[in-house]
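# Results of the structural survey
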Amino acid sequence: VNNRPSILLIEDAPETQLLVRAVFGTEIELVTSGTLSEGAAQLNERVFDLVLLDGTLPDGDGFEFFAKLRQNPKFSRLAVIFLTARTAINDRVAAFAMGAEDYVVKPIEVREFRARVEAKLRKLSAGESQSVLEIGTLRIDRHRFRAFRKTASGELSEIILTPYEFKILSALAEKEGNVLSRDSLISTAWGDSVHVLERTVDRHISSLRKKLGSGAEKIEPVHGVGYRLNASSISSKKKAA
Amino acid sequence: MAENLLDNEMLDSYRELGTPEEPDFLKKFLTTFIDAIPAHLERIDVAIKASNFEDLARASHAIKSSCLNIGAAAIVERCAKIEANGKAGELGDSAKLYGEVVELCGQLKAEIHALPEFRAGA
């Protein structure tokens, strides 16, 4: 099992890629992308603990790329540190306003850079343990927007969910055993400013139940009220933030 | 020859990144750096001739960004000016600056090849 933190470095300069790899050695799993489009492909393929993002890439602007990422619910909480030669105060402010975790200006000062990234990884690791819900064999990682089921052999198998399905499951898991109304689920998954029909919730629940399959944890309808998530009472273990 | 371009303190910090598996990290780093420069210079040259301001800004930014990591301030400064010209949508003094950058990159290459890591047998 690979427990090393994973970092995606989106940076076109090959010597900077080498430098970052040398700074962390084998302590982290580093994946490099020389363009934004390669970086996007990596992000769509797998989950990273942290992204180091250059501000200017051959195929576009790192700041605009980050703004687009933030609009996608899948990446709305992705931890990003800018690693850039752009020193303008407007760039720094924009990065932090969009939710960047840090802003490192080149040249890379080896010890400071390592310390900054490691501090961020420690913080993320602490936050992650707070943001994971375990209900029976279900593991819901609210930080990474991913859900898993623990198999009989103890391995985690991912349940691929849409963002709405994930939010619904997360809300039900947080109140495990308690009924949540459709209105409450709409408010949690879609927000209060959007008009969503109750049958839309039912449709997502139906899909979610299929994806959860035959495990012990079931989403049960409660007539006239809403839904609840029930785990088998003996194996249920809940770690909540 | 003009003032030294390489920042020795910075290079020392990279030297320390060498490991038993890869003792020559600095050499590898600088070789990779030097190998990437000609393509960027050519892009700047082409961009100036074609008045392609977007590419002018990007290519000069690339050299600026790489040179920052070895402390080559004289190149960084000139590339920053070329980049600013590109972003402003004008050539300005880019051609003159580009000539100076080419010359400085030659000096930089000579300085790198004079480092202990690059001497014969190293």
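Throughout this document, residue positions are counted from 1 along each chain, in the order its sequence is written. Each chain is given a letter, starting from A, and each ligand a number, starting from 1, according to the order in which they appear as written. Only residues with pLDDT of at least 70 are given local features in this predicted model, and only at 80 or more are side-chain atom pairs given and counted; all residues enter the totals for whole chains, interfaces and linings. Side-chain metrics in this entry use all non-hydrogen atoms of the structure; hydrogen atoms and water are not considered.

### A look at the overall build of chain A
Each helix is a run of DSSP H or I of at least 4 residues and each strand a run of E of at least 2, with the numbering of both proceeding from the N terminus. A tally of helices and strands in chain A yields eight helices and 14 strands. Summarising its shape, the C-alpha atoms of chain A cover approximately 60 × 40 × 25 Å along the three principal directions. When accessible area is computed with a 1.4 Å probe and restricted to protein chains, residues below 20% of their type maximum are described as buried, those above 50% as exposed, and intermediate ones as partly exposed. Looking at the 241 residues of chain A, the share that counts as buried comes to 46%. Once local pairs closer than 6 in sequence are excluded, the contacts in chain A between residues at least 24 apart make up 54%. Only the protein chains shown count as cover for residues, with accessible areas throughout obtained via the Shrake-Rupley method and a probe of 1.4 Å. Roughly 11,700 Å² of accessible area belongs to chain A as shown, and the carbon and sulfur atoms make up 50% of that amount. Neither His nor the chain ends contribute to the count of charged residues, in which Lys and Arg are positive and Asp and Glu negative. Taken as the charge location is NZ of Lys, CZ of Arg, CG of Asp or CD of Glu. Distance between charge centres in chain A, computed from 35 positive and 32 negative side chains, equals 6 Å. For this analysis, residues touch if any pair of their heavy atoms sits within 4.5 Å.

### Here's the deal with the nonpolar core
In a soluble, globular protein the nonpolar side chains are often hidden away together inside. What makes a nonpolar core is a set of buried Ala, Val, Leu, Ile, Met, Phe, Trp, Tyr and Cys residues whose side-chain atoms join them at distances within 4.5 Å. By size, the foremost hydrophobic cluster in this structure holds 60 residues, and its most contacted members are A:F113, B:Y14, B:I75 and B:L108. A total of 11 residues in this core trace back to one element, the largest contributor, which is helix α2 (residues 25-50) of chain B. Setting aside anything within four residues of it in sequence, one finds B:Y14 in contact with A:L19, A:I108, A:V110, B:F25, B:L26, B:F29 and B:N69. Counting 28 residues, the second-largest nonpolar core is a separate cluster that includes A:L161, A:F166, A:A189 and A:I219.

### Looking at the interface of chain A and chain B
The interface of chain A with chain B comprises 21 residues on the first partner and 17 residues on the second. Surface buried jointly by chain A and chain B totals about 1,700 Å² across both partners, of which 66% is contributed by carbon and sulfur atoms. Contacts described as polar in this section are N or O atom pairs within 3.5 Å, which, within protein, must combine one atom able to donate a hydrogen with one able to accept it, while residues neighboring in sequence count only if both atoms come from side chains. Where chain A packs against chain B, one counts six residue pairs in polar contact (both at pLDDT 80 or more). Of all elements in the fold, only α1 (14-24), β4 (56-57), β5 (60-61) and α5 (110-130) of chain A reach the threshold of two or more residues within the side of chain A that touches chain B. The greatest single-element share of the side of chain A that touches chain B, amounting to seven residues, is contributed by α1(A). When residues are grouped by polarity, Ala, Val, Leu, Ile, Met, Phe, Trp, Tyr, Cys and Pro land in nonpolar, Asp, Glu, Lys and Arg in charged, and all others, Gly among them, in polar. Residues of the side of chain A that touches chain B, tallied by class, amount to 12 nonpolar, three polar and six charged. Once two parts are joined, some of their accessible surface, as seen by a 1.4 Å probe, is lost; buried area is that loss totalled over both.

### Examining unusual backbone geometry
Here the bond from A:K106 into A:P107 is cis, since omega is 10 degrees, no more than 30 degrees from zero. Tracing the backbone through its elements, the reader meets A:P107 in the loop between β7 (102-105) and α5.

### A word on the packing of aromatic side chains
Residue and element names in this part refer to chain A. Two rings from Phe, Tyr or Trp (for Trp, the six-membered ring) form a pair when their centres sit within 6.5 Å of each other. Planes less than 30 degrees apart are called stacked, planes more than 60 degrees apart edge-to-face, and all others tilted. Applying the stated criterion across every chain, the model contains nine aromatic pairs over all chains. Relative to F82, the ring of F66 has its centre 5.5 Å away and its plane inclined at 80 degrees; by these criteria the two rings are edge-to-face. Of this pair, F66 sits in helix α3 (residues 62-71) while F82 sits in strand β6 (residues 80-84), and the two are 16 residues apart along the sequence. This pair shows no difference in class: F66 is buried, exactly as F82 is. The rings of F63, F66, F82, F96 and Y103 are connected pair by pair, giving a single aromatic cluster. For R46, the ring lying beneath its charged end belongs to F48, and the centroid distance is 4.4 Å. Our definition puts a charge over a ring when NZ of Lys or CZ of Arg is within 6 Å of the ring centre and also within 35 degrees of the ring normal.

### Observations regarding the side chain of B:S60
All names here are of chain B. Tracing the backbone through its elements, the reader meets S60 in helix α3 (residues 53-68). Judged by its relative accessible area of 0%, S60 falls in the buried class. Not counting residues within four places of it along the chain, the set of residues in contact with S60 comprises I44, C79, I82 and E83.

### A short note on the pairing of strand β14 (residues 226-230) of chain A
All names here are of chain A. Two strands pair when backbone bridges link them, and strand β12 (residues 180-181) and β14 are joined in this way by two bridges, in the antiparallel orientation. Looking at β14, one finds that S181 is bridged to G226. Strand direction decides the pairing type here: strand β13 (residues 218-222) and β14, joined by five bridges, are antiparallel. Bridge pairing in β14 links K218 to N230. In this antiparallel pair of consecutive strands, β13 and β14, the connection spans three residues, and G224 shows a positive phi of 75 degrees. For two strands to count as paired, DSSP must find a minimum of two bridges between them.

### As for the confidence of the model for chain A
Confidence scores per residue from the predictor, reported as pLDDT, run from 0 to 100. Residues at a pLDDT of 70 or more form 93% of chain A, whose mean pLDDT is 87. Low pLDDT, under 50, characterises residues 233-241 of chain A; the predicted model gives this stretch 20 contacts beyond four residues in sequence or across chains.

### Describing the sheet that holds strand β1 (residues 6-10) of chain A
Residue and element names in this part refer to chain A. Ordered by their spatial adjacency, five strands build an open sheet running β2-β1-β3-β6-β7, and the pairing between neighbours is parallel. Strands at the two margins of the open sheet, each flanked by one partner only, are β2 (29-33) and β7. Each strand axis lies, on average, 20 degrees off the axis of its neighbour in the sheet, ignoring direction. As defined by bridge partners, β1 adjoins β2 across five bridges and the pair is classed as parallel. Each residue of the ladder has a partner; that of L9, found in β2, is T32. Working convention: axes come from line fits to C-alpha atoms, limited for helices to the stretch in contact. Angles between N-to-C directions cover 0 to 180 degrees. Its contacts with the sheet place α3 against β1, β3 (50-53), β6 and β7, and it is angled at close to 170 degrees to β6. With respect to the sheet, helix α4 (residues 89-97) is in contact with β6 and β7, its orientation differing from that of β7 by roughly 150 degrees.

### Structural notes on the packing of α2(B) against α3(B)
Residue and element names in this part refer to chain B. Put simply, α2 and α3 touch, their axes get as near as 8 Å, and they point 155 degrees apart. Regarding the angle of α2 to α3, the classification is roughly antiparallel. Two packed elements cross with a definite hand, and for α2 against α3 that hand is left-handed. Contacts between α2 and α3 involve F33, I37, H40, L41, R43, I44, A47 and I48 from the former and D55, L56, R58, A59, S60, A62, I63, S66 and C67 from the latter. Residue composition of the contact of α2 with α3, by class: 11 nonpolar, three polar and three charged. Small angles under 35 degrees read as roughly parallel and large ones over 145 as roughly antiparallel, with 65 to 115 read as roughly perpendicular and the rest as oblique. Handedness of a crossing is defined here by the sense of rotation of the near helix relative to the far one, left-handed for an anticlockwise turn of less than a right angle and right-handed for a clockwise turn.

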